[in-house]
Amino acid sequence: MNTLSRTISGIIMGALSIWFIIFVGFIDGPGVDYPAIVIGVFFLILGIFIFFNKKEDEIEKIKKPKQ
């Protein structure tokens, strides 16, 4: 992924997971939906990892095996 796509993907995933935690976990229904909060936190961590992962921007050179 290049920097722009990594940034956009991380921001969108983080924003949607925060929305999921707030609206599905707390506001939707009479009680707290704990599985929705756990899933939202998982995808929030994944979005943060995508946003800050700079190792994928570096392209590794493919070495041809010696014959």
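A brief structural summary.

Cut-offs and rules
- Residues numbered from 1 in each chain as written.
- Predicted model: local features only at pLDDT ≥ 70, side-chain atom pairs only at ≥ 80, totals over all residues.
- Heavy atoms only, no water.
- Patch = residues over 30% accessible without salt bridge, like charges linked within 9 Å, V, L, I, M, F, W, Y side chains within 5 Å.
- Areas by Shrake-Rupley, 256 points an atom, 1.4 Å probe, with all protein chains shown as cover.
- Salt bridge = Lys/Arg side-chain N within 4 Å of Asp/Glu carboxyl O.
- Helix = DSSP H or I, 4+ residues; strand = E, 2+ residues; numbered from the N terminus.
- Phe/Tyr/Trp six-rings, centres within 6.5 Å; stacked < 30°, edge-to-face > 60°.
- Buried < 20%, exposed > 50% of the residue type's maximum accessible area, 1.4 Å probe, protein only.
- Axes fitted to C-alpha atoms, helices over the stretch in contact; angles between N-to-C directions.
- Parallel < 35°, antiparallel > 145°, perpendicular 65-115°, else oblique.
- Left-handed = near helix turned anticlockwise from the far one by under 90°.
- Nonpolar A, V, L, I, M, F, W, Y, C, P; charged D, E, K, R; others polar.
- Contact = heavy atoms within 4.5 Å.

1. What about a nonpolar patch on the surface?
So, point 1. A cluster of nonpolar side chains, I18, W19, I22, F23, F26, I27, V32 and Y34, forms an exposed patch at the surface whose accessible area comes to about 820 Å².
So, point 2. Here the nonpolar patch takes six residues from helix 1 (residues 3–27), the largest share from any one element.
So, point 3. In this structure, F23 sits in helix 1.

2. Quick word on the packing of aromatic side chains
So, point 1. What the rule picks out here adds up to three aromatic pairs.
So, point 2. Look at W19 and F23: their rings are 5.8 Å apart centre to centre, the planes differ by 40°, and that puts the pair in the tilted class. Of this pair, W19 and F23 are both found in helix 1, four residues apart, which corresponds to roughly one turn of the helix.
So, point 3. W19 sits in the partly exposed class, given a relative accessible area of 47%.
So, point 4. Centre to centre, the rings of F42 and F43 are 5.2 Å apart; their planes meet at 75°, and the pair counts as edge-to-face.

3. Points about the packing of helix 1 against helix 2 (residues 34–52)
So, point 1. At their nearest, the axes of helix 1 and helix 2 sit 8 Å apart, and the two run at 165° to each other. By the angle between their axes, helix 1 is roughly antiparallel relative to helix 2. Seen from above, helix 1 lies across helix 2 with left-handed handedness.
So, point 2. Looking at the contact of helix 1 with helix 2 residue by residue, the classes come out as 17 nonpolar, eight polar and one charged.

4. Details of the environment of I37
So, point 1. Among the secondary structure elements, I37 is positioned in helix 2.
So, point 2. The exposure class of I37 is buried, given its relative accessible area of 16%.
So, point 3. Excluding residues within four positions of it along the chain, I37 makes contact with I21, G25, F26 and V32.

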